[in-house]
Amino acid sequence: MKKVKPLVLIVDDNPINIDLLVNTLKNDYRLGIAKNGAKAIEYANKYLPELILLDIMMPEMNGYEVCTRLKAAIKTKDIPVIFITAMSEEGHKTRGFEAGALDYITKPFHAAEVKARVKTHLSLKEARDQEIYIASRIQQALLLGQPPHNIQGIQIAHLTAASQKIDGDFYDFFKHSDLCFDVVVGDVMGKGIPAAILGAALKSHLLRVLNELSFLTNKNNLPEPAQIISSLHKQVIDQIEDLETFATLCYARFDMARYVYSFVDCGHMRTIHFNNDTNNCSLLRGVNMPLGFPEKEPFRQKTVRFKPGDLFVFYSDGITESKNRDGNLYGEKRLVDFVQINAKIEPENLINGIWNDIVAFSESETFDDDVTCVLVKIDKMASYSALPTKSKLEIISDLKELERVRAFAREFCAGVEDYPLDAKRIGMIELAVTEVTVNIIKHAYKSRSGEMIQINAEASADEIEIRFYDRGERFEPKSVPQPVFDGSHEGGFGLHIIAHAVDEVLYSRDDQGKNCTCLKIKL
Amino acid sequence: MELSTEEIGDITVVAVLTEVLDAGNADEFKTGFASILNESNKMVFEMSRVRFVDSSGCGTLLFCQKQLSKLGGNLKLCGVQESVRSLFELVRMDRIIDIFDSKEETIKSFQ
């Protein structure tokens with residue numbers, strides 16, 4: 001494939017100069033021309049040239065001002081600018097460099113010199129772009145982990161937008177069991193490949209520490225976050241100190257069996273904890289210094305309880321320190337407010353919402369710093385109590401089994417600890433399970449005896465589900481006529497009763513011809 | 001099905017002794033009812049022992065009411081437990097069959 005020639009913008013108000021430059025460069029580059037400062041800025045924003053040759057002496061907006069403006073805008077700030085000047089005095093050159101120029105060419109210019117300087121700076125830019133590319137590959141491959149699957153009762157969403165200067169944001173997830181996992185988020189100070197590599201090194205040390213500690217403890221007795229971070233610190237402190245940098249980090253554990261969040265925070269951005277009950281956000285901050293500071297006291301761990309529907313938001317300073325065109329910061333408060341208002345939407349939508357809000361605020365999709373964000377949402381629906389409340393019953397298709405079905409439902413409901421149901425509610429549930437069982441026996445199995453019905457009951461934090469499985473005829477709820485209440489009909493009330501006795505009824509049938517009737521009762 | 005009956009004037013008071021009236025024993029109940037049907041066309045079911053009724057149970061009571069009204073009589077209920085009563089209301093049965101708190105009130109209502 002033929003490589004597209006780099007685009008060079010020539011900014012000059014003098015047609016003779018423009019002609020000279022065009023003739024010098026036209027064989028090797030695509031060229032854009034702007035005859036004044038305003039046009040130059042407009043062109044640069046629209047076409048993002050690879051390099052700009054900028055005349056200093058222009059009416060209205062001079063070259064210094066054009067350069068200053070280009071360098072102030074995130075979109076155009078990395079375009080190399082070479083000044084063209086008739087003035088060779090030191091003062092003018094200095095002022096040009098101060099405005100952000102990389103180099104200068106003095107008039108009258110020599111074609112060979114113009115060609116050489118343009119070529120050199122384009123090569124340098126290409127090398128920088130390549131470095132950014134490598135750094136972003138390092139970040140994607142080594143710094144950002146994938147969230148665990150199959151953790152009961154949570155949803156995780158994550159977002160990264162690597163800045164043009166990679167600065168070593170990282171995060172990862174460590175799953176210990178179906179009910180317990182850790183999240184680590186961190187940010188290495190410094191830019192570019194060194195920061196990215198240090199971030200990768202920290203993560204690799206962290207994995208080693210986890211591995212070593214888990215050999216020393218048994219599976220039911222995981223190393224505490226504080227212990228993990230202390231060991232990590234011991235391993236990396238010398239190296240980090242040598243590099244004269246530091247890393248902020250938050251290491252957090254979600255214990256879904258006990259609803260406990262424990263974390264060690266080392267100077268990282270304050271984690272947002274949205275409390276579903278109170279509809280409020282609190283900000284979780286630790287007391288430890290970043291890694292790389294000499295350790296003065298042991299790392300301290302904090303613990304917070306959470307509940308179904310709660311949400312945790314981890315993020316990097318790339319979010320809170322993104323700027324708008326007036327130079328104002330996005331800030332922690334705006335993020336917290338946004339989370340608070342939108343905490344109840346799906347995590348994936350929420351994280352997209354956060355992204356869109358930052359983009360709207362900064363009017364840009366590229367940022368000075370990496371933007372990373374991890375959301376951990378505690379499900380409202382899932383079952384994850386310490387002793388999952390589950391029970392099973394198998395009956396044969398005989399109406400004499402009805403009392404067993406009711407006793408099963410009654411005892412199960414009475415055993416739901418957190419939200420005891422009153423007698424009336426349990427009575428309604430007994431009614432519903434009776435009606436469902438009778439329908440299965442009479443209609444699905446057409447009153448044949450000796451067929452099986454399996455009943456599974458399960459309680460989660462906020463609802464009970466009772467499922468009935470049978471292998472009888474398919475049931476179409478829509479085929480059932482509306483009940484008649486004038487005393488002329490003795491039957492046809494079953495579905496009406498079920499619909500009123502529980503909060504939701506779902507019918508389904510799988511490929512193998514197994515029917516499922518699912519009753520949901522909200523707690 | 002055990003139905004203990006007591007005659008008060010021309011009214012038959014039936015003590016329903018089962019705790020449950022559901023699809024499992026509805027036919028049995030109807031048979032038991034048929035065997036006492038000839039005695040009277042005015043009946044009171046005393047329901048205080050009945051803890052649980054399902055839609056088949058409701059159907060059974062509506063069946064009994066229909067049979068009695070064919071004979072020019074009527075079925076009334078008394079002593080209905082609260083959970084059973086809320087089911088009757090759910091299927092609007094309280095509009096078809098009169099329900100009273102006590103046996104005495106029910107008997108009085110026939111006069």
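Here the structure is a predicted model, which means the values were calculated and not measured.

How each quantity is defined
- Residues numbered from 1 in each chain as written.
- Chains lettered and ligands numbered in written order.
- Predicted model: local features only at pLDDT ≥ 70, side-chain atom pairs only at ≥ 80, totals over all residues.
- Heavy atoms only, no water.
- Helix = DSSP H or I, 4+ residues; strand = E, 2+ residues; numbered from the N terminus.
- Rg over C-alpha atoms; globule rule 2.2 N^0.38 Å.
- Buried < 20%, exposed > 50% of the residue type's maximum accessible area, 1.4 Å probe, protein only.
- Contact = heavy atoms within 4.5 Å.
- Areas by Shrake-Rupley, 256 points an atom, 1.4 Å probe, with all protein chains shown as cover.
- Lys, Arg positive; Asp, Glu negative; His and termini not counted.
- Charge placed at Lys NZ, Arg CZ, Asp CG, Glu CD.
- Buried area = accessible area lost by both parts, 1.4 Å probe.
- Salt bridge = Lys/Arg side-chain N within 4 Å of Asp/Glu carboxyl O.
- Domains from an automatic or database assignment.
- Expected span 1.5 Å × (residues − 1).
- Pairing = 2+ DSSP bridges.
- Axes fitted to C-alpha atoms, helices over the stretch in contact; angles between N-to-C directions.
- Phe/Tyr/Trp six-rings, centres within 6.5 Å; stacked < 30°, edge-to-face > 60°.
- Lys NZ or Arg CZ within 6 Å of the ring centre and 35° of its normal.

## Quick look at the overall build of chain A
Okay, step 1: Within chain A, the secondary structure is distributed over 13 helices and 20 strands.
Okay, step 2: Radius of gyration (C-alpha) of chain A: 33 Å, far over the 24 Å computed for a compact globule of 523 residues.
Okay, step 3: Taken over the C-alpha atoms alone, chain A extends approximately 110 × 60 × 45 Å along its principal axes.
Okay, step 4: Going through the 523 residues of chain A one by one, you find that 50% of them count as buried.
Okay, step 5: When contacts within chain A are restricted to residue pairs at least 6 apart in sequence, those whose partners lie at least 24 apart make up 68%.
Okay, step 6: When the accessible area of chain A is evaluated, it comes to approximately 25,800 Å², of which 51% is carbon and sulfur surface.
Okay, step 7: Both charge centroids of chain A, one from 63 positive and one from 74 negative side chains, sit 3 Å from each other.

## As for the interface of chain B and chain A
Okay, step 1: At the interface, 21 residues of chain B touch 24 residues of chain A.
Okay, step 2: Carbon and sulfur atoms make up 60% of the surface buried where chain B meets chain A, a total of about 1,900 Å² over both sides.
Okay, step 3: Considering only the surface of chain B that becomes buried against chain A, Phe52(B), Ser55(B) and Leu90(B) emerge as the three largest contributors, covering 25% of it.
Okay, step 4: Summed over the shared surface of chain B and chain A, the result is 5 salt bridges.
Okay, step 5: Ionic pairing is found between Lys66(B) and Glu490(A), a salt bridge with its closest N-O pair at 3.2 Å.

## Overview of the domain arrangement of chain A
Okay, step 1: Domain assignment breaks chain A into domain 1 (7-134), domain 2 (144-378) and domain 3 (389-522).
Okay, step 2: A straight line from the C-alpha centre of domain 2 of chain A to that of domain 3 of chain A covers 45 Å.

## Quick look at helix α12 (residues 423-444) of chain A
Okay, step 1: Taking 1.5 Å per residue as the helical rise, α12(A) with its 22 residues ought to reach 32 Å, and the 30 Å between its terminal C-alpha atoms agrees with that figure.
Okay, step 2: Positive phi appears at Lys446(A), one or two residues downstream of α12(A), with a value of about 50°.

## Brief notes about the pattern of salt bridges
Okay, step 1: Evaluation of the coordinates by the stated rule reveals 34 salt bridges over all chains.
Okay, step 2: For the salt bridge of Glu401(A) with Arg404(A), the shortest nitrogen-to-oxygen distance reads 3.0 Å.
Okay, step 3: Since its relative accessible area comes to 12%, Glu401(A) is described here as buried.
Okay, step 4: Close ionic contact of Glu19(B) with Arg51(B) constitutes a salt bridge, the shortest N to O distance being 4.0 Å. With Glu19(B) in the loop between β2 (11-16) and β3 (20-21) and Arg51(B) in the loop between β4 (42-46) and β5 (52-53), this pair connects stretches of sequence that are 32 residues apart.
Okay, step 5: The class of Glu19(B) is partly exposed, set by a relative accessible area of 48%.

## Some remarks on the environment of Arg85(B)
All names here are of chain B.
Okay, step 1: As for its placement among the helices and strands, Arg85 is situated in helix α3 (residues 82-90).
Okay, step 2: A sequence separation of 28 residues divides Arg85 from Gly57, and the C-alpha atoms of the two residues are 12 Å apart.
Okay, step 3: Dropping the residues within four chain positions of it, Arg85 is found in contact with Val80, Ile99 and Asp101.

## Remarks on the sheet that holds strand β3 (residues 51-55) of chain A
All names here are of chain A.
Okay, step 1: Overall, parallel pairing links the 5 strands, which are arranged β2-β1-β3-β4-β5 in an open sheet. Across the chains shown, the open sheet's two edge strands, defined by having one partner strand only, are β2 (30-34) and β5 (103-106). Pairs of neighbouring strands in the sheet enclose a mean axial angle of 20°, with direction left out of account.
Okay, step 2: Inspection of the sheet shows strand β4 (residues 81-85) paired to β5 by 4 bridges, in the parallel sense. Note that in β5 the partner of Phe83 across the bridge is Tyr104.
Okay, step 3: Taken strand by strand, helix α1 (residues 15-25) contacts β1 (7-11), β2, β3 and β4, and its axis lies near 170° from that of β2.
Okay, step 4: Each of β1, β3, β4 and β5 touches helix α5 (residues 111-143); the most contacted strand, β5, lies at about 170° to it.

## What about the sheet that holds strand β15 (residues 371-378) of chain A?
All names here are of chain A.
Okay, step 1: What the 5 strands build is an open sheet, ordered β6-β15-β14-β11-β12; its pairing is antiparallel. Both edges of this open sheet fall to β6 (154-161) and β12 (280-284), since each of them pairs with a single strand only. Looking at each pair of strands side by side, their axes are set apart by 15° on average, direction ignored.

## Points about the pairing of strand β7 (residues 169-177) of chain A
All names here are of chain A.
Okay, step 1: With 7 of 9 residues buried, β7 lies mostly within the body of the structure.
Okay, step 2: Looking at chain direction, β7 and strand β8 (residues 180-188) are connected through 8 bridges and run antiparallel. Counted as the bridge partner of Asp169 is Asp187 from β8.
Okay, step 3: Counting the residues in the hairpin turn of β7 and β8 gives 2 residues.

## Comments concerning the packing of aromatic side chains
Residues and elements named next belong to chain A.
Okay, step 1: Under the criterion given, the structure shown has 21 aromatic pairs over all chains.
Okay, step 2: A centroid spacing of 6.5 Å and a plane angle of 80° characterise the contact between Phe254 and Phe314, whose relative ring orientation is edge-to-face. Placement of Phe254 in strand β9 (residues 247-255) and of Phe314 in strand β14 (residues 311-315) is noted, with a sequence separation of 60 residues between them.
Okay, step 3: On the accessibility criterion, Phe254 (0% relative accessible area) is buried.
Okay, step 4: Their ring planes at 25° and their centres at 4.4 Å tell us that Tyr261 and Phe312 sit as a pair that is stacked. Of this pair, Tyr261 sits in strand β10 (residues 260-266) while Phe312 sits in strand β14; the two residues are 51 residues apart in sequence, bridging distant segments of the chain.
Okay, step 5: Of the residues examined, Tyr261 reaches a relative accessible area of 0% and is grouped as buried.
Okay, step 6: By relative accessible area, which is 0% here, Phe312 ends up buried.
Okay, step 7: In this structure an aromatic cluster arises from ring pairing among Phe181, Phe254, Tyr259, Tyr261, Phe263, Phe306, Phe312 and Phe314.
Okay, step 8: Seen from the ring of Tyr469, Lys514 lies directly overhead, with NZ or CZ sitting 4.8 Å from the centre.

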